[in-house]
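In case you want the letters, here they are:
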Amino acid sequence: MRRTVTLSAVAALLAATAAGSALAAGSAAPSAAERARPHGTLLDKVPERGVLRVCTTGDYRPFTHRDPSTGAYSGIDIKMARDLAKSLDATPEYRATTWADLTGEVAAGRCDIGMGGVSVTLARARTVSFGEPYLTDGKTPIVRCPDERKYTTLEEIDRPGVRVVVNPGGTNEQFARAHIEKATLTVHPDNTTIFDEIIEGRADVMMTDASETRYQSAIHPELCAVHPDKPFSFSEKAYALPRGDTQFREYVDQWVHLATHDGTYERYEDEWLK
């Protein structure tokens, strides 16, 4: 009985060794590269799909603007989205969202990336992963030009009788509610027409990102950006990405780094701001 068991064990060992040798010599065994390949990353899925799904609000020039008559998108980050998609052998598909919903929709997988002048905040960073920042920014006032010297500080703005207007759901509203106690604060629902409220005299001040005040004052001679080089706050803009997908984030980071150092981003910015 003992001899039979021993012979059976030897036979099994020889069979296993032979099978292992066959796998090593053949194509059935996965290579080291195949074993290291990440599973489920958008770095693979986007090229396979041929589409980069981009969530964007379409209401924040110069970064993102949706033409209400045609539905076409334009802006600095729209061109950047086009370039990112091209680098992944894909085309961009823009998905409309709001400032209140953008990060949640990225986290839920409705889109692959959130773009369009998204400011980095700790609250948003609990929902999404931010890539390498591409712009330093901060909140500063925009007013009618005759009032340019009248509203230079938060104390001058937050006074009874001053009418402050803000768009809902984003960092502009958060900043205004944190600093406005005495002035009248009005939430205007449409960020594409909010500057008309100041031009037409229905509001006195809006506090938004310095980049937006520069753009709006360039297209509206009636409006002046107040000290955009010295804003009230510090912030950075970056692209919102799904948490946990390290491979995709590292790729986007490298792409942003190149675009902000080879003149690509600066060229798109100049088209809008100059």
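Higher on the page you've got the structure.
Presented here is an overview of the structure given in this document. This structure is a prediction, so every number in the text was calculated from the model and none was measured.

### Notes on the overall build of the chain
Working step 1: Helix and strand content of the chain: 12 helices and 15 strands.
Working step 2: Excluding contacts between residues fewer than 6 apart, the proportion of contacts in the chain whose partners are at least 24 apart in sequence is 71%.

### Side note on the nonpolar core
When a protein is soluble and globular, its nonpolar side chains tend to lie buried together.
Working step 1: In this structure, Leu52, Met80, Ile113 and Tyr239 are the most contacted members of the largest nonpolar core, which totals 36 residues.
Working step 2: For this core, the secondary structure elements donating two or more residues are α3 (42-49), β1 (51-56), α4 (76-87), α5 (102-107), β15 (240-241), α11 (246-259) and α12 (264-273).
Working step 3: In this structure, Tyr239 is in contact with Asp77, Met80, Ile113, Gly114, Met115, Ser129, Phe130, Gly131, Tyr134, Trp255 and Val256, ignoring residues within four places of it in sequence.

### Some words on the packing of α4 against α12
The packing of two helices is summarised by the inter-axis angle and the distance between the axes.
Working step 1: The interhelical angle for the contact between α4 and α12, taken along N-to-C directions, is 145 degrees, at an axis separation of 9 Å. Crossing of α4 over α12 shows right-handed handedness. Where α4 approaches α12, its residues Ile76, Asp77, Lys79, Met80, Arg82 and Asp83 are matched on the opposing element by Thr264, Tyr265, Tyr268, Glu269, Glu271 and Trp272.

### Description of the side chain of Thr213
Working step 1: The topology assignment puts Thr213 in helix α10 (residues 210-219).
Working step 2: Polar contacts involving the side chain of Thr213 include one to the main-chain carbonyl oxygen of Ala210, which spans 2.7 Å.
Working step 3: Filtering out sequence-adjacent residues up to four positions away, Thr213 remains in contact with Thr140, Pro141, Ile142, Thr208, Ala225 and Pro228.

### Observations concerning the packing of α4 against α11
Working step 1: At a minimum axis separation of 11 Å, α4 and α11 run at an interaxial angle of 125 degrees. The angle between α4 and α11 falls in the class oblique. Between α4 and α11 lies a crossing of right-handed hand. Only Tyr251, Val252, Trp255 and Ala259 of α11 make contact with α4, whose side of the interface consists of Met80, Asp83, Leu84 and Ser87.
Working step 2: Looking at side-chain class alone, the contact of α4 with α11 contains six nonpolar, one polar and one charged residues.

### Details of the state of the cysteines
Working step 1: As enumerated under the stated definition, the model contains two disulfides in all.
Working step 2: The disulfide partner of Cys55 is Cys111, and the gap between their sulfur atoms is 2.2 Å. Residues Cys55 and Cys111 are joined by a disulfide whose S-S torsion is about -100 degrees; by sign, that bridge is left-handed. Highlighted residues: Cys55 in strand β1 and Cys111 in the loop between α5 and β6 (113-114), separated in sequence by 56 residues. No difference in accessibility class separates Cys55 from Cys111, as the two residues are buried.

### Here we look at unusual backbone geometry
Among all residues save glycine, negative phi is the norm, and among peptide bonds the norm is trans.
Working step 1: In this structure, Pro62 follows Arg61 across a cis peptide bond, with omega equal to 15 degrees.
Working step 2: For Pro62, the position within the fold is in the loop between β2 (59-60) and β3 (64-66).
Working step 3: Non-glycine residue Asp89 carries a positive phi angle of around 60 degrees.
Working step 4: Here Asp89 is to be found in the loop between α4 and β5 (91-96).
Working step 5: With a phi close to 30 degrees, His227 is a non-glycine residue in the positive phi region.

Quick notes on the rules
Residues numbered from 1 in each chain as written. Predicted model: local features only at pLDDT ≥ 70, side-chain atom pairs only at ≥ 80, totals over all residues. Heavy atoms only, no water. Helix = DSSP H or I, 4+ residues; strand = E, 2+ residues; numbered from the N terminus. Contact = heavy atoms within 4.5 Å. Core = buried A, V, L, I, M, F, W, Y, C linked by side-chain atoms within 4.5 Å. Buried < 20%, exposed > 50% of the residue type's maximum accessible area, 1.4 Å probe, protein only. Axes fitted to C-alpha atoms, helices over the stretch in contact; angles between N-to-C directions. Left-handed = near helix turned anticlockwise from the far one by under 90°. Polar contact = N/O pair within 3.5 Å; in protein donor to acceptor, adjacent residues only side chain to side chain. Parallel < 35°, antiparallel > 145°, perpendicular 65-115°, else oblique. Nonpolar A, V, L, I, M, F, W, Y, C, P; charged D, E, K, R; others polar. Disulfide = S-S within 2.5 Å.

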